[in-house]
Amino acid sequence: MIPVDDLLAAGLRLHTPSPPDEAPSPGPQEHPTGPVAQEQGAVELRAALERVRQEHALAVAEAEHGRLLAQAEAQHLREQLAARGEHIADLQRALKALMPAPERSVLAQPSVPGQAQPEGGSAGAFLEEEGAAGGERRRRWWRRTG
């Protein structure tokens, strides 16, 4: 079905001997059952058991190492979180110190009963704009003594 020229182009060689057939591996029923064979089977099983024990010990050691690394990373992250929390608290205190104090109704009330409140709003403070040189305006805050 396939032309010979195509087979030759693909690397097929004519009249070459075929490779020898592999001997089938003996199945479980074909093992000899003498004392030597039993001893050899026991040695193979012991070697396999030792290999599995070593693989298991390696897996346990890797898992323990991973657990220790995870604990160290968690501790490091907790420390960073605490440091950043302290930094945020410091920034909040600084921001609060920079913010103007809110007007309080207590300050607007007269300190002595029956005393009239000064004109001009809260605690008598008001803003006056003064003309300055060059047409600029400056603002000044002061208490009205009335």
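Since the structure is predicted, the reported quantities are computational estimates derived from the model, not experimental observations.

From N to C terminus, the chain includes 3 helices and 2 strands. Counting across all 146 residues of the chain, residues that qualify as buried make up 1%. A fraction of 3% describes how many contacts in the chain between residues 6 or more apart in sequence connect residues 24 or more apart.

Let us now look at a nonpolar patch on the surface. On the surface, Val 4, Leu 8, Leu 12 and Leu 14 cluster together to form a nonpolar patch covering roughly 350 Å² of accessible area. Looking at where Leu 8 falls in the secondary structure, it is placed in helix α1 (residues 4–9). Among the residues examined, Leu 8 registers a relative accessible area of 41% and is labelled partly exposed.

Another point: the confidence of the model for the chain. Averaged over all residues, the pLDDT of the chain is 75; the fraction at 70 or higher stands at 62%. When pLDDT is averaged over each helix and strand of the chain, the minimum, 47, is found for strand β1 (residues 125–131) and the maximum, 93, for helix α2 (residues 35–98). A low-confidence stretch, residues 120–132 (pLDDT under 50), is modelled with 34 contacts involving residues beyond four sequence positions or located in other chains.

Applying the stated criterion across every chain, the model contains 3 salt bridges. Among the salt bridges present, the one from Arg 51 reaches Glu 55, with a minimum N-O distance of 3.9 Å. Residue Arg 51 and its partner Glu 55 are both found in helix α2; the two are separated by 4 residues, about one turn of the helix. A salt bridge links Asp 90 to Arg 93; its shortest N-O distance comes to 2.1 Å. One end of the pair, Asp 90, and the other, Arg 93, are both in helix α2, 3 residues apart, so they sit about a helical turn from each other. For Asp 90, a relative accessible area of 42% translates into the label partly exposed.

Rules and cut-offs
- Residues numbered from 1 in each chain as written.
- Predicted model: local features only at pLDDT ≥ 70, side-chain atom pairs only at ≥ 80, totals over all residues.
- Heavy atoms only, no water.
- Helix = DSSP H or I, 4+ residues; strand = E, 2+ residues; numbered from the N terminus.
- Buried < 20%, exposed > 50% of the residue type's maximum accessible area, 1.4 Å probe, protein only.
- Contact = heavy atoms within 4.5 Å.
- Patch = residues over 30% accessible without salt bridge, like charges linked within 9 Å, V, L, I, M, F, W, Y side chains within 5 Å.
- Areas by Shrake-Rupley, 256 points an atom, 1.4 Å probe, with all protein chains shown as cover.
- Salt bridge = Lys/Arg side-chain N within 4 Å of Asp/Glu carboxyl O.
- pLDDT = per-residue confidence, 0-100.

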